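The chain contents come next:
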Amino acid sequence: MKSSIAFSALLQCLLVLVIQGNYDNGLEQLGCYRNRHCALGGRPFPVHLKTFHDALHMNESELEVKVIRPCAELAKKKGYLWFGIEYWGECWSGEHAHSTYFKDGRSSHCCNGVGKDNTVFAYRIKEPMCDQYMTFDDETRAQNYTNIDGPFKTDNNGSTNHMFAGNLWYRFLGNTGTAIATTCVPPRHCDAILTGWMKDEHPRVTDGVVN
């Protein structure tokens, strides 16, 4: 009986093409990864949220409705944005999963959007506000860059050098750095007349949107 169930599940894997990328249900498929359990550093997803029984009997549509989406809801309630499904129906997540889910390497041993034995299929819960942003990535936006005479990229005067778009999300990358400053930045730095910085520590990923 077990062999016939496993064979049926294998046929489902062969017949259904799982496309990694953006899900229309608010999830981003990150892909299939190994799970070495007790390897150095522990599990890729360290927190077990729930086991959905009978997942082995489900087809792709049933897995999405009865396993993947409910797992996403459980993760989000805990404040986690990254989660994974392993052993067909085990839901796992964790506070720092965004930096550990890939640590054991890629695998092809997943099916229908879930992991099988010793593998986990990883997801990210998409936050619309954080997926739409303007990027600062050149050296003139770094806090140690000084512009005394202007024009400045934050001037709202119609200049072709204008880069500041007002009340939007901004991401710091490349030569700009990887995070907003947390100490006072003097005027005329960052290619701006007036500068800004965070007065507290940077939030964690699991903190979500903060003021």
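Placed above this text is the structure.
Quick caveat, the model's predicted, so the values are computed rather than measured.

Definitions and cut-offs
- Residues numbered from 1 in each chain as written.
- Predicted model: local features only at pLDDT ≥ 70, side-chain atom pairs only at ≥ 80, totals over all residues.
- Heavy atoms only, no water.
- Helix = DSSP H or I, 4+ residues; strand = E, 2+ residues; numbered from the N terminus.
- Areas by Shrake-Rupley, 256 points an atom, 1.4 Å probe, with all protein chains shown as cover.
- Pairing = 2+ DSSP bridges.
- Axes fitted to C-alpha atoms, helices over the stretch in contact; angles between N-to-C directions.
- Contact = heavy atoms within 4.5 Å.
- Salt bridge = Lys/Arg side-chain N within 4 Å of Asp/Glu carboxyl O.
- Buried < 20%, exposed > 50% of the residue type's maximum accessible area, 1.4 Å probe, protein only.
- Core = buried A, V, L, I, M, F, W, Y, C linked by side-chain atoms within 4.5 Å.

### A closer look at the overall build of the protein
Now for step 1: From N to C terminus, the protein includes 3 helices and 9 strands.
Now for step 2: In the protein, the succession of α and β elements from N to C terminus is α-β-β-α-β-β-β-β-β-α-β-β.
Now for step 3: With an accessible surface of roughly 12,800 Å², the protein has 54% of that area assigned to carbon and sulfur atoms.

### Thoughts on the sheet that holds strand S2 (residues 47-51)
Now for step 1: In space, the 5 strands of this open sheet follow the order S1-S7-S3-S4-S2, with antiparallel pairing throughout. Each edge of the open sheet is held by one strand with a lone partner, namely strand S1 (27-34) and S2. Strand after strand, the sheet turns through a mean of 25° between neighbouring axes, direction not considered.
Now for step 2: Bridging between strand S3 (residues 82-86) and strand S7 (residues 119-125) involves 5 bridges; their strand directions are antiparallel. Directly across from Trp82, in S7, lies its bridge partner Arg124.
Now for step 3: The strands touched by helix H2 (residues 60-77) within the sheet are S1, S2, S3, strand S4 (90-93) and S7, with S3 carrying the most contacts at an inclination of about 140°.

### Some remarks on the pattern of salt bridges
Now for step 1: Within this structure, the stated rule accounts for 4 salt bridges.
Now for step 2: With a closest N to O distance of 3.2 Å, Arg43 and Glu86 form a salt bridge. Pair noted here: Arg43 is in the loop between S1 and S2 and Glu86 is in strand S3, with a separation of 43 residues, a long-range link.
Now for step 3: A relative accessible area of 23% places Arg43 in the partly exposed class.
Now for step 4: Look at Glu86 and you get buried, because its relative accessible area is 2%.
Now for step 5: Here Glu64 and Arg69 are joined by a salt bridge, their closest N and O atoms 3.1 Å apart.
Now for step 6: Overall, Glu64 belongs to the buried group, its relative accessible area being 17%.
Now for step 7: Take Arg69: its relative accessible area is 39%, and that puts it in the partly exposed class.

### Some thoughts on the nonpolar core
Now for step 1: Counting 32 residues, the largest nonpolar core has Phe45, Phe83 and Ile85 as its most contacted members.
Now for step 2: Looking at this core, the elements that each hand over two or more residues are S1, H2, S3, S4, strand S5 (110-111) and S7.
Now for step 3: The leading source of residues in this core is H2, at 6 residues.
Now for step 4: Not counting the four nearest positions on each side in its chain, Ile85 is found in contact with Val67, Ile68, Cys71, Glu90, Cys91, Val114, Gly115, Thr119, Val120, Phe121 and Tyr123.

### A word on unusual backbone geometry
Leaving glycine aside, a negative phi is the common case for residues, and trans is the common case for peptide bonds.
Now for step 1: Here Asn112, not a glycine, exhibits a phi torsion of approximately 55°, which is positive.
Now for step 2: We note that Arg188 has phi near 65°; this positive angle belongs to a residue other than glycine.
Now for step 3: Turning to its location among the elements, Arg188 is positioned in the segment after strand S9 (170-172).

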